[in-house]
Amino acid sequence: MWDSGEFSAGSVGLPALLRAWRVEAGEKSGRGKMLTQREVAQLMGVSERWYRALESGTRVPLTPETLTSLADALSLGPGERTALYSYQMSEISDEGQSERSEDDVRTDWIRDFIAGQTRCPVYLVDRAWNLVGANDLMRTWFPWSREPGANLLRWILLEPEARTQLVDWREQVSRYLAQLRFALHQYPEDTHLRDLLEIVRGGSEFEELWASGPFIVAFRQGGVFRLSLPHISSGELKVVSQVFLPAYRPGMRMVALMPV
């Protein structure tokens, strides 16, 4: 069963990530048990006291070199390294970002660009998977994207049609849950993300998927999706996601579903 603390936004902070990564590092090494704090410290070339302080949540100096050393010691993959590095990164900002009107203009530019794409479905979501924009192909392939307040992750988790349209629904859900962990790590106070977390907490069927999938995924760059869309094709469609991060709009992702 889930640990009751497993689903709190705070439980995906850096200390929890480091402990989980020590478990995974031990599994990757084939030893059958987690790396100890002392072993990680030795691999990094730092004192055990320093590493223990880091994992307890104490703010300690972290240079780019130290982060790389930590990532190497824990055998982190690309998505996990992104989560680790984000611990030291603030959101991108500029002088005009505080003015809502300029933010709207930037988003309008992105929407206009997406609307002009005609070769494949393209959409824009914010950090909580709220749909911000979509081209005509996206709306044709996935009619739910036309609805006011459409949310990609909520559709995947709650709508019965998602289970049939995503041929490998269970696998995809486990990876989206790993993305949700990453988003909560970046934005633990975001109310929309917390609402999505409550959906996961309220569904017992997600228990195995939450525990068995990858622990954390930053982005679905290169993710392959098998689709069953009878209103589009009589056969199964296979697409790969290409993820683009718009400058000056932290948390937003533009995704193109390219045919394989």
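As shown above, the structure is provided for reference.
Within each chain, residue numbers correspond to sequence positions counted from 1 in written order. Reporting of local features is limited, given that this is a predicted model, to residues whose pLDDT is at least 70; pairs of side-chain atoms are given and counted only at 80 or more, and all residues count toward the totals for whole chains, interfaces and linings. As a rule here, side-chain values cover all heavy atoms of the structure and leave hydrogens and water aside.

(A) Main features of empty space enclosed by the protein. The pocket and cavity definitions rest on a 1 Å grid over protein atoms only: a 1.4 Å probe that fits but cannot leave marks a cavity, an open set with protein on both sides within 12 Å along at least five of seven lines marks a pocket, and residues lining either have an atom within 4 Å of a point. Grid points are joined across faces, edges and corners, and a volume is the space filled by probe spheres set on the points. Using the criterion set out here, one finds 2 cavities of 30 Å³ or more in the structure. Approximately 130 Å³ is the volume attributed to the largest cavity. What lines the largest cavity is simply Tyr-123, Met-138, Phe-142, Trp-144, Leu-152, Trp-155, Ile-156, Leu-166, Tyr-176, Phe-225, Leu-227 and Leu-257. The helix count covers DSSP runs of H or I at least four residues long, the strand count covers runs of E at least two residues long, and both are numbered beginning at the N terminus. Those elements that provide at least two residues to the lining of the largest cavity are helix H8 (152-158) and strand E3 (224-227). Per-element accounting of the lining of the largest cavity gives the leading share, 3 residues, to H8. In this model, the second largest cavity occupies a volume close to 100 Å³. Breaking the lining of the second largest cavity down by element, the ones donating at least two residues are strand E1 (122-125), helix H10 (169-186), strand E4 (237-244) and strand E5 (253-259). If one sorts the elements of the lining of the second largest cavity by residue count, E5 sits on top with 3 residues.

(B) Geometry of unusual backbone geometry. Backbone geometry at Ser-75 places phi at a positive 55 degrees, although glycine is not the residue there. As for its placement among the helices and strands, Ser-75 is situated in the loop between helix H4 (64-73) and helix H5 (78-86).

(C) Examining helix H2 (residues 37-44) more closely. Summary of the burial criterion: residues with accessible area below 20% of their type's maximum are buried, those above 50% are exposed, and those between are partly exposed, where the area comes from a 1.4 Å probe applied to protein chains only. Looking only at H2, the buried set comprises Val-40, Ala-41 and Met-44. Buried residues along H2 cover an arc of 100 degrees about the axis, so they all sit on one side. Every exposed residue of H2 that faces more than 90 degrees away from the buried side is listed here: Gln-42 and Leu-43. Residues of H2 that are buried in the fold lie against helix H1 (14-28), helix H3 (48-55) and H4. Downstream of H2 by a residue or two, Gly-45 has a phi angle that is positive, lying close to 80 degrees. Working note: the arc is built from the helix axis to C-beta atom directions. By the convention used here, residues are in contact when the closest approach between their heavy atoms is within 4.5 Å.

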